[in-house]
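Each chain is listed here by its residues.
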Amino acid sequence: MADWSRRRFLQLAGLSGAASLNGCAGIVSKSNSKAHVVVVGGGFGGAIAAKTLRQLDAGIKVTLIEPKASYITCPGSNWLFAGLTNIKNLSVDYRALSADYGINLVSDSVTRVDAERRRVMVAGGEAIAYDRLVMAPGIDFRWDTLPGYGEASAQIFPHAWQAGPQTLLLQQQIQAMNDGGVVVISVPAEPYRCPPGPYERASMIAWWLKQHKPKSKIIILDAKRSFSKQKLFEAGWAKHFGCGTANSLIEWQSIADNPLVGLDAQTGTLTTDFGDKIRGQVLNIIPPQQAGRIARESGLTDASGWCPVEPQSGRSKFHETIHVIGDAAHYAPIPKSAFAANSEAKACALAVVALLNGRPLPEVHWLNTCYSLITPRHGISVAGVYKLDAERNIGMVKGAGGVSRLGDEQAAILEAGYAGGAYLSLVRDSFG
Ligand SMILES: Cc1cc2nc3c(=O)[nH]c(=O)nc-3n(C[C@H](O)[C@H](O)[C@H](O)COP(=O)(O)OP(=O)(O)OC[C@H]3O[C@@H](n4cnc5c(N)ncnc54)[C@H](O)[C@@H]3O)c2cc1C
């Protein structure tokens with residue numbers, strides 16, 4: 001990416017929240033409507049949507065429904081495999097959202113959405129009425145895609161694609177493995193959350209293995225033919241992990257033409273369509289994904305398993321008063337990331353406030369950036385700016401965003417530092 005466009009992107013990214021609010025000063029108000037907006041899911045999308053709604057219009061009552069008292073961030077969770085962080089550092093709670101922004105917190109799960117009567121039911125039995133509903137339930141896995149693998153076997157072959165106990169299980173398995181063992185990471189076809197995540201994970205595991213179990217190997221079985229930031233990852237793997245030599249710690253294989261057809265859980269062996277057998281001491285199987293269950297059961301998904309939305313407002317294509325943001329929603333070509341969920345949430349909050357106050361929808365841009373660590377001192381990034389095109393579909397703004405420059409060692413060191421800073425500022429913006 002040209003220097004000017006990276007700088008421009010970073011300016012935009014740094015200002016994303018403020019720019020949205022300042023740019024729409026016309027709709028910032030304390031309305032008298034006493035409207036009630038309910039937000040389902042307190043992940044990166046739901047938390048910032050709730051906070052932004054309150055920042056934009058303190059007249060709106062906002063209720064955030066989330067079952068977990070503590071949310072463990074997926075961003076940063078790959079760093080745990082290299083020993084750079086721990087679960088405590090990755091955990092956030094909702095106290096600031098409640099105390100500083102006046103958000104009404106309900107610690108429960110939504111079990112049903114009654115779109116006709118505009119209310120949600122929670123597991124505790126309460127019915128909560130809303131004027132507008134913002135759904136941000138994240139992802140669920142498609143457990144039926146690999147014979148032999150299911151929800152129960154994820155306790156033996158962890159996906160670690162929802163951070164928490166699964167992340168720790170995978171870490172324990174890697175630490176318990178013999179030197180000379182094989183870690184297999186299977187990567188689904190897109191769309192899935194965090195496109196570069198599997199390759200950062202391989203890098204972080206390789207970094208740890210290199211120091212503790214250097215005879216070991218990581219095999220990535222990829223349902224795709226290519227992947228995000230591929231040239232940068234491969235250059236980093238060549239530099240640090242012997243990629244391209246007989247002793248490479250990481251081996252990437254596309255299995256797009258030879259997909260996985262089964263898992264033998266007894267032996268930890270994966271079989272491909274052509275009958276190849278791949279055995280690993282540790283199998284990190286990342287299954288294909290779909291929108292979180294409550295979105296599917298509420299009739300918000302289409303045949304793809306994701307929620308189609310009218311992008312400018314995040315309004316569901318199936319329910320006029322329901323908005324969907326974050327990983328559960330279909331905002332392609334914007335990738336499914338926490339940064340993107342943040343941007344979608346802000347755009348959605350602006351739209352909700354406009355709709356509640358009878359004002360036209362504001363024009364918005366969406367931003368995404370994703371840093372990945374190859375080693376603790378080698379970072380890379382991808383960034384993109386998006387806006388509606390002439391057909392009102394989301395398109396990428398040409399000349400804005402891009403990827404890190406290949407072979408720029410100084411920049412790689414700086415980007416490793418930016419990765420930590422970007423993580424902290426995203427967490428603070430969303431939950432602080
Ligand atoms: C290993 C890994 C690394 C990643 N790294 C990055 C990164 O570096 N940068 C980045 O931008 N993104 C990263 N991501 C992606 C990021 O984690 C997701 O895109 C982001 O969490 C999406 O936010 P969300 O709010 O849509 O969903 P989530 O964060 O999953 O939040 C959904 C919330 O909804 C709640 N919920 C679900 N159902 C209900 C219900 N019925 N009632 C009430 N609440 C409910 C859940 O408890 C959960 O808290 C990474 C992902 C992974 C797996």
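Model, not experiment: these values are computed from the prediction.

Let's talk about the packing of helix α5 (residues 165-176) against helix α6 (residues 197-212)
Contact geometry for α5 and α6: axes closest at 11 Å, N-to-C directions at 35°. Relative to α6, α5 is oriented so that their crossing is right-handed. In this structure, α5 uses Leu-170, Ile-174 and Gln-175 to contact α6, whose residues at the interface are Arg-201, Ile-205, Trp-208 and Leu-209. Here the residues of the contact of α5 with α6 sort into five nonpolar, one polar and one charged.

Digging into the pairing of strand β6 (residues 110-114)
In this sheet, strand β7 (residues 119-122) lies alongside β6 in antiparallel orientation, the contact comprising four bridges. The residue bridging Asp-114 from the neighbouring strand is Arg-119, located in β7. If you look at the hairpin formed by β6 and β7, you'll find four residues sitting between the two strands, and Arg-118 has a positive phi there, around 50°.

Considerations on the domain arrangement of the chain
For the chain, the assigned domains read domain 1 (3-140 + 289-431) and domain 2 (143-285). Using only C-alpha atoms to locate each centre, domain 1 and domain 2 end up separated by 28 Å. Listed per partner, the contact involves 34 residues of domain 1 and 34 residues of domain 2. Both sides of the domain 1 and domain 2 interface together cover about 3,000 Å² of buried area, and 67% of this is carbon and sulfur. Area buried by domain 1 at its contact with domain 2 is led by Asn-78, Phe-81 and Ile-374, which between them contribute 24% of it. Across the domain 1-domain 2 interface, the total number found is two salt bridges. In this structure, Lys-239 and Glu-409 form a salt bridge, with 3.6 Å as the shortest nitrogen-oxygen distance. The interface formed by domain 1 and domain 2 includes 13 residue pairs in polar contact (both at pLDDT 80 or more).

As for the side chain of Arg-132
With respect to the helices and strands, Arg-132 occurs in strand β9 (residues 132-135). Within the structure, the side chain of Arg-132 is placed 3.1 Å from the backbone oxygen of Glu-320, a separation counted as a polar contact.

Notes on the side chain of Arg-201
Mapping Arg-201 onto the fold places it in helix α6. Comment: no salt bridge for buried Arg-201; closest opposite-charge side chain is Glu-200, at 7.7 Å. Excluding residues that lie within four positions of it along the chain, Arg-201 makes contacts with Asn-78, Phe-81, His-159, Ala-160, Trp-161, Leu-170, Ile-185, Asn-284 and Ile-286.

Some points on the site of the ligand
Taken together, 34 residues form the shell around the ligand, and within it Gly-45, Glu-66, Tyr-71, Arg-193 and Asp-327 come nearest. Here an oxygen atom of the ligand sits 2.6 Å away from a polar atom, N or O, in the side chain of Arg-193. A distance of 3.5 Å separates an oxygen atom of the ligand from a polar atom in the backbone of Ser-337. The set of elements that each furnish at least two residues to the shell around the ligand consists of α3 (44-56) and α9 (338-356). Considering each element in turn, the shell around the ligand owes the most residues, three residues, to α9. Broken down by class, the residue content of the shell around the ligand amounts to 17 nonpolar, ten polar and seven charged.

Structural notes on the environment of Gly-59
Looking at the element boundaries, Gly-59 is found in the loop between α3 and β2 (61-65). Residue Gly-59 is classed as buried on the basis of its relative accessible area of 12%. Separated by 25 residues in sequence, Gly-59 and Lys-34 place their C-alpha atoms 5.9 Å apart.

A short note on helix α10 (residues 409-431)
Structural remark: α-helix, 3.6 residues per turn; residues separated by three or four positions point the same way. In a regular helix each residue adds 1.5 Å, so 23 residues correspond to 33 Å; α10 covers 33 Å between its end C-alpha atoms and thus fits that length. Three or more residues of α10 are buried, namely Ala-412, Glu-415, Ala-416, Ala-419, Tyr-423, Leu-426, Val-427, Ser-430 and Phe-431.

Examining the packing of aromatic side chains
In total, this model carries 13 aromatic pairs according to the counting rule given. Centre to centre, the rings of Trp-143 and Tyr-149 are 5.9 Å apart; their planes meet at 45°, and the pair counts as tilted. Ring geometry for Phe-233 versus Trp-237: centroids 5.8 Å apart, planes at 40°, classification tilted. Of this pair, Phe-233 and Trp-237 both sit in helix α7 (residues 230-241), four residues apart, which is roughly one turn of the helix. Of the two residues, Phe-233 and Trp-237, both sit in the buried class. Through a chain of ring-to-ring contacts, three or more aromatic side chains come together here, namely Tyr-199, Phe-227, Phe-233, Trp-237 and Trp-252. Its end group placed over the ring of Trp-306, Lys-336 keeps NZ or CZ at 4.0 Å from the ring centre.

Rules of the game
- Residues numbered from 1 in each chain as written.
- Predicted model: local features only at pLDDT ≥ 70, side-chain atom pairs only at ≥ 80, totals over all residues.
- Heavy atoms only, no water.
- Axes fitted to C-alpha atoms, helices over the stretch in contact; angles between N-to-C directions.
- Helix = DSSP H or I, 4+ residues; strand = E, 2+ residues; numbered from the N terminus.
- Left-handed = near helix turned anticlockwise from the far one by under 90°.
- Contact = heavy atoms within 4.5 Å.
- Nonpolar A, V, L, I, M, F, W, Y, C, P; charged D, E, K, R; others polar.
- Pairing = 2+ DSSP bridges.
- Domains from an automatic or database assignment.
- Buried area = accessible area lost by both parts, 1.4 Å probe.
- Salt bridge = Lys/Arg side-chain N within 4 Å of Asp/Glu carboxyl O.
- Polar contact = N/O pair within 3.5 Å; in protein donor to acceptor, adjacent residues only side chain to side chain.
- Buried < 20%, exposed > 50% of the residue type's maximum accessible area, 1.4 Å probe, protein only.
- Lys, Arg positive; Asp, Glu negative; His and termini not counted.
- Near = heavy atom within 4 Å.
- Expected span 1.5 Å × (residues − 1).
- Phe/Tyr/Trp six-rings, centres within 6.5 Å; stacked < 30°, edge-to-face > 60°.
- Lys NZ or Arg CZ within 6 Å of the ring centre and 35° of its normal.

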